[in-house]
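Breakdown of the fold
Residues per chain, in single letters:
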Amino acid sequence: ACGRCSGPAAGRSESASREGWSMPVHEVRPPRVLLGNLEPIVRLGMATVLGEDDVDVIGAEARPAALVLLAGSLRPDAVVLDLGNAESRMLGESVRTASPETTVVYWARDEELMEVVAPGAADPRRVFAPVPEELSSALKRSHLNRVER
């Protein structure tokens, strides 16, 4: 300790305490994302782009049952699914059941559109934009909302 401090925060830096009370310090981790039923080349490209933008791609799984199990055990901040795949809506609902706090993102192959279903939301929010940048922003927002709860 520095000799000037006393109380519960003795021995800690002054930036970590104020008037003898310690203040919680939260580490900010990057959003954790699981890639789902995307085409292999799309998964590879998305993993690269998201990784460059400080998003942690924690796995990729194209098989629906395995994806749901992974989502349930890993509890990612978001799962990205193929908007053009007819099975994606049902798969997204299964992911939301297995991991209710996970955001589901439906990604269009042409990169012009994505739909984002936040935890607890009934309907997706449609996003028309340069999608790679918007995807990263949406993932970071969903992660921050989850950390603040």
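Okay, so let's go over this structure. (Residues numbered from 1 in each chain as written. Predicted model: local features only at pLDDT ≥ 70, side-chain atom pairs only at ≥ 80, totals over all residues. Heavy atoms only, no water.)

Details of the overall build of the protein chain
Of the regular secondary structure elements, the protein chain holds four helices and eight strands. Starting at the N terminus and ending at the C terminus, the protein chain contains elements arranged as β-β-β-α-β-α-β-α-β-β-β-α. Within the protein chain, the fraction of its 149 residues that count as buried is 38%. Total accessible area on the protein chain stands at roughly 8,700 Å², and carbon and sulfur atoms take up 55% of it. (Helix = DSSP H or I, 4+ residues; strand = E, 2+ residues; numbered from the N terminus. Buried < 20%, exposed > 50% of the residue type's maximum accessible area, 1.4 Å probe, protein only. Areas by Shrake-Rupley, 256 points an atom, 1.4 Å probe, with all protein chains shown as cover.)

As for the side chain of Arg 32
Mapped onto the secondary structure, Arg 32 falls in strand 3 (residues 32-35). Buried charge without a salt bridge: Arg 32, with Asp 56 as the nearest opposite-charge side chain at an N-O distance of 5.1 Å. A distance of 3.2 Å separates a polar atom in the side chain of Arg 32 from the backbone oxygen of Arg 75. (Lys, Arg positive; Asp, Glu negative; His and termini not counted. Salt bridge = Lys/Arg side-chain N within 4 Å of Asp/Glu carboxyl O. Polar contact = N/O pair within 3.5 Å; in protein donor to acceptor, adjacent residues only side chain to side chain.)

Comments concerning helix 3 (residues 88-98)
Turning to helix 3, its buried residues number three or more, namely Ser 88, Leu 91, Gly 92, Val 95 and Arg 96. Along helix 3, the residues classed as buried sweep out an arc of 140° about the axis, all on the same side. Away from its buried face by more than 90 degrees, helix 3 exposes Met 90 and Thr 97. Structurally, helix 3 contributes buried residues whose contacts are with helix 2 (64-74), strand 5 (78-82), strand 6 (103-107) and strand 7 (113-117). (Arc of directions from axis to C-beta. Contact = heavy atoms within 4.5 Å.)

Observations concerning the side chain of Asn 37
Position of Asn 37 among the secondary structure elements: in the loop between strand 3 and helix 1 (40-52). We classify Asn 37 as buried; its relative accessible area is 10%. A distance of 2.9 Å separates the side chain of Asn 37 from the backbone nitrogen of Asp 82, its partner in a polar contact. In terms of polar contacts, Asn 37 uses its side chain to reach the side chain of Ser 88, at 2.8 Å. Not counting the four nearest positions on each side in its chain, Asn 37 is found in contact with Glu 61, Ala 62, Val 80, Leu 81, Asp 82, Asn 85, Ser 88 and Leu 91.

Some remarks on the pairing of strand 4 (residues 56-60)
Pairing analysis gives four bridges linking strand 3 to strand 4, with the strands arranged parallel. Directly across from Leu 34, in strand 4, lies its bridge partner Gly 59. Crossover handedness for the path strand 3 to helix 1 to strand 4: right-handed. (Pairing = 2+ DSSP bridges. Right-handed = clockwise from strand over helix to strand, strands pointing away.)

Things to note about the environment of Arg 75
Its place among the elements puts Arg 75 in the loop between helix 2 and strand 5. For Arg 75, a relative accessible area of 32% corresponds to the partly exposed category. Separated by 42 residues in the primary sequence, Arg 75 and Val 33 have C-alpha atoms spaced 9.2 Å apart. Among the polar contacts listed, one links the side chain of Arg 75 to the side chain of Glu 101, at a separation of 3.5 Å.

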